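In case you want the letters, here they are:
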Amino acid sequence: MTTSEMTMRARCPEDVLAMVPVLLGFTPTDSITMLTFGARHSFHARVDLPGRDDLEEVIDVLLAPALQHRVRQVVFVLHSDDGGLAERCFRGLLRAFEEAGIDVADGLRADGRRWWPLLGPTRVRRGIGTAYDVSSHPFLTQAVFAGRVTVGTREDIAATLSAAEPGHRAQVAAAAAAATPGDPDWLREAIASGTALTPDVVGRVLVTVRSAAAREVVLETLNRPDAARAVQWWTHAVAHAPDDLAATPAAILALAAWLVGNGALAWCAVDRCRRSDPSHPLADLVADLLNRAVPPSVWEEMSRPGSDDAA
């Protein structure tokens, strides 16, 4: 599987299990991860393990983008301590995908210590499993050199969006309360120059992006080559933002994270935005892009003036 920074070739189950956290950016738990092959646009997807009544909905969430992008083969990795639940979910996925003409090349269950095949005989699937440890796997080393950061869990990613420096959030709130909104040109220059995000600057940014004109300027400045820098800039702003000013910066961060291919951070930023504004249009746009596995390569076309998808 090729990402924008590295290529990984899986030759055994341990390779697949090491590949998953590199692709997701975190180590999943209680999850279904889908790896796709032979698609028009390769992508991967992760969803929480469903309850008994939610399985069909989860299958639809995974199957829809696979069909849209004409996926030929998939591999499912289910992280769960519950063998019965994992097997029930995998059987449903196997049936639905094969009926749709998509080959399920393999399936694994893992609990962080041992893995089990899900396509093997029942006796093997329910056996003691095979011990594994991917903490020093070459894929993770390769990811470090490629600049791909893998954190412990999805909750760790979400925590970065509230990891303010001591005392700074109160300073930002005070600065925002006293700030005069900057005009869009001021914001454009601040972003382009990478202005240091002191509490005073963050406060002014948070107030400024409340205007539609300023939001348009931000969208104009977002592009794939500069998206990694934008992620750092807006992560800092979100982490220090008072709740009533966090929605738009979080939505902007979600878009920047999607542009760099960090779907986990993008979803966490969408969730952060929706806690302040459940119907924020930019967050809704990013959520739709993520749900449909739309590749970041289409952003230039989407962001042209007059595009139906432009936010």
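Residues numbered from 1 in each chain as written. Predicted model: local features only at pLDDT ≥ 70, side-chain atom pairs only at ≥ 80, totals over all residues. Heavy atoms only, no water.

A.B. asks: Sorry, what's going on with the nonpolar core here?
C.D. replies: Among soluble globular proteins, nonpolar side chains are generally buried collectively. Counting residues in hydrophobic clusters, the biggest one holds 75 residues, and the most contacted among them are L17, L222, W234, L253, L255 and W258. With 11 residues, the single largest contributor to this core is helix 12 (residues 247-259). Each residue touching L222, except ones within four places of it in the same chain, is listed here: A230, I252, L255, A256, L259 and W299. Formed by 28 residues, the second largest nonpolar core is a distinct cluster that contains L55, V58, V74 and F90. (Core = buried A, V, L, I, M, F, W, Y, C linked by side-chain atoms within 4.5 Å. Buried < 20%, exposed > 50% of the residue type's maximum accessible area, 1.4 Å probe, protein only. Helix = DSSP H or I, 4+ residues; strand = E, 2+ residues; numbered from the N terminus. Contact = heavy atoms within 4.5 Å.)

A.B. asks: What am I meant to see in the packing of aromatic side chains here?
C.D. replies: Within a pair of aromatic rings, the relevant descriptors are the distance that separates the centres and the angle that separates the planes. According to the stated counting rule, one finds 4 aromatic pairs in the structure shown. Ring geometry for F76 versus F90: centroids 6.5 Å apart, planes at 80°, classification edge-to-face. Of this pair, F76 sits in strand 3 (residues 73-79) while F90 sits in helix 3 (residues 83-99); the two residues are 14 residues apart in sequence, bridging distant segments of the chain. A relative accessible area of 2% places F90 in the buried class. Between W258 and W299, the aromatic rings sit 6.3 Å apart at their centres with planes inclined by 85°, giving edge-to-face as the arrangement. Here W258 is found in helix 12, whereas its partner W299 is found in helix 15 (residues 299-302), with 41 residues between them in sequence. The burial state of W258 is the same as that of W299; both residues are buried. (Phe/Tyr/Trp six-rings, centres within 6.5 Å; stacked < 30°, edge-to-face > 60°.)

A.B. asks: Can you walk me through the packing of helix 9 (residues 199-208) against helix 11 (residues 227-239) in this structure?
C.D. replies: Angle between the axes and distance between the axes: these two values describe a pair of packed helices. At a minimum axis distance of 10 Å, the contact between helix 9 and helix 11 shows a crossing angle of 90°. Put simply, helix 9 runs roughly perpendicular to helix 11. Counted together, V202, V205 and L206 of helix 9 and W233, W234, H236 and A237 of helix 11 form the full contact between these two elements. Residue composition of the contact of helix 9 with helix 11, grouped by class: 6 nonpolar, 1 polar and no charged. (Axes fitted to C-alpha atoms, helices over the stretch in contact; angles between N-to-C directions. Parallel < 35°, antiparallel > 145°, perpendicular 65-115°, else oblique. Nonpolar A, V, L, I, M, F, W, Y, C, P; charged D, E, K, R; others polar.)

A.B. asks: What should I look at first to understand the pattern of salt bridges in this one?
C.D. replies: A side chain of one charge can pair with a side chain of the opposite charge if their charged atoms are brought near each other. All chains considered together, the criterion is met by 8 salt bridges. Across the salt bridge formed by E87 and R91, the nearest N and O atoms sit 3.6 Å from each other. With E87 and R91 both in helix 3, this residue pair falls 4 residues apart, about one helical turn. Judged by its relative accessible area of 7%, E87 is buried. Its relative accessible area of 43% is what places R91 among the partly exposed residues. For E220, the salt bridge identified is with R188, shortest N-O distance 3.3 Å. One end of the pair, E220, is in helix 10 (residues 212-221); the other, R188, is in helix 8 (residues 184-193), with 32 residues separating them in the sequence. (Salt bridge = Lys/Arg side-chain N within 4 Å of Asp/Glu carboxyl O.)

A.B. asks: Can you walk me through the environment of V71 in this structure?
C.D. replies: Of note, V71 is situated in the loop between helix 2 (55-68) and strand 3. Separated by 208 residues in the primary sequence, V71 and S279 have C-alpha atoms spaced 32 Å apart. When near neighbours in sequence (up to four residues on either side) are disregarded, V71 contacts T36, F37, A39, F43, A66 and I102.

A.B. asks: Any chance you could explain the sheet that holds strand 1 (residues 31-37) here in plain terms?
C.D. replies: Backbone hydrogen bonds hold the strands of a sheet together, and the pairing may be parallel or antiparallel. The 6 strands lie next to each other as 2-1-3-4-5-6, forming an open sheet whose pairing is mixed. What marks the edges here is a single partner per strand, and that holds for strand 2 (44-48) and strand 6 (130-131). Strand direction decides the pairing type here: strand 4 (residues 103-110) and strand 5 (residues 114-117), joined by 3 bridges, are antiparallel. By the bridge assignment for strand 5, L108 is matched with P117. Each of strand 1, strand 2 and strand 3 touches helix 2; the most contacted strand, strand 2, lies at about 170° to it. Seen against the sheet, helix 3 touches strand 1, strand 3 and strand 4 and runs at an angle of roughly 170° to strand 4. (Pairing = 2+ DSSP bridges.)

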